[in-house]
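Now for the letters of each chain:
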Amino acid sequence: MIIEFEEKLLNAIDEGIESASDDELFAGGYLRGHISLSAAACEEEGIEDLAEFESRINKSLENARSELTPADQVIVGDLWLELKNRVASA
């Protein structure tokens, strides 16, 4: 279930590449890493709960806040919300 959700999130990022701004391309690439690492950790630990998967992505992003400027934090956060909403409604 998590792998399917991960694939949907990554596909949603890929689908927006052609029309994405530079900021959105950056945010998409940045999110890809957090999404994939969180999915791998869940798979390794045998976790199947999507809420836990999302929680781990959120925690990963929160732990990495110092890597980003405040403006980039907003861009990444906005894209993350958009992706979750788009995939959830699909």
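See above for the structure.
Residues numbered from 1 in each chain as written. Predicted model: local features only at pLDDT ≥ 70, side-chain atom pairs only at ≥ 80, totals over all residues. Heavy atoms only, no water.

Draft legend 1. A look at the overall build of the protein. Per the secondary structure count, the protein includes four helices and zero strands. Helices (α) and strands (β) of the protein occur, in sequence order from the N terminus, as α-α-α-α. At 13 Å, the protein has a C-alpha radius of gyration in line with the 12 Å of a compact globule built from 90 residues. Dimensions along the principal axes, computed over C-alpha positions, put the protein at roughly 35 × 30 × 15 Å. By the burial criterion, 32% of the 90 residues in the protein qualify as buried. For the protein, the accessible surface area stands at approximately 5600 Å², while carbon and sulfur atoms represent 50% of it. (Helix = DSSP H or I, 4+ residues; strand = E, 2+ residues; numbered from the N terminus. Rg over C-alpha atoms; globule rule 2.2 N^0.38 Å. Buried < 20%, exposed > 50% of the residue type's maximum accessible area, 1.4 Å probe, protein only. Areas by Shrake-Rupley, 256 points an atom, 1.4 Å probe, with all protein chains shown as cover.)

Draft legend 2. How the structure looks around the side chain of Ser38. Assignment of secondary structure puts Ser38 in helix 2 (residues 22-45). On the basis of relative accessibility, which here comes to 6%, the residue Ser38 falls in the buried class. Residues within four places of Ser38 in sequence aside, it is in contact with Phe53, Arg56, Ile57 and Ser60. (Contact = heavy atoms within 4.5 Å.)

Draft legend 3. The arrangement of the environment of Ile13 in detail. Relative to the helices and strands, Ile13 resides in helix 1 (residues 2-15). For the pair formed by Ile13 and Ala39, sequence separation is 26 residues and the distance between their alpha carbons is 16 Å. For Ile13, the residues in contact, after removing those within four places along its chain, are Gly28, Leu31, Arg32, Ile35 and Leu83.

Draft legend 4. Here's a closer look at the packing of aromatic side chains. Scanning all chains against the criterion turns up two aromatic pairs. Measuring from centroid to centroid gives 6.0 Å for Phe5 and Phe53, while their planes differ by 80°, and the two rings are edge-to-face. Of this pair, Phe5 sits in helix 1 while Phe53 sits in helix 3 (residues 50-63), and the two are 48 residues apart along the sequence. (Phe/Tyr/Trp six-rings, centres within 6.5 Å; stacked < 30°, edge-to-face > 60°.)

Draft legend 5. The arrangement of the environment of Ala40 in detail. Within the fold, Ala40 resides in helix 2. Overall, Ala40 belongs to the partly exposed group, its relative accessible area being 40%. Each C-alpha atom, one on Ala40 and one on Ile3, is 8.7 Å from the other, the two residues being 37 residues apart in sequence.

Draft legend 6. Looking closely at the packing of helix 1 against helix 2. Between helix 1 and helix 2, whose axes approach to 10 Å, the crossing angle comes to 170°. Comparing their axes, helix 2 and helix 1 come out roughly antiparallel. Contact residues: Ile2, Ile3, Glu6, Leu9, Leu10, Ile13 and Asp14 in helix 1; Gly28, Leu31, Arg32, Ile35, Ser36, Ala39, Cys42 and Glu43 in helix 2. For the contact of helix 1 with helix 2, the per-class residue count stands at nine nonpolar, two polar and four charged. (Axes fitted to C-alpha atoms, helices over the stretch in contact; angles between N-to-C directions. Parallel < 35°, antiparallel > 145°, perpendicular 65-115°, else oblique. Nonpolar A, V, L, I, M, F, W, Y, C, P; charged D, E, K, R; others polar.)

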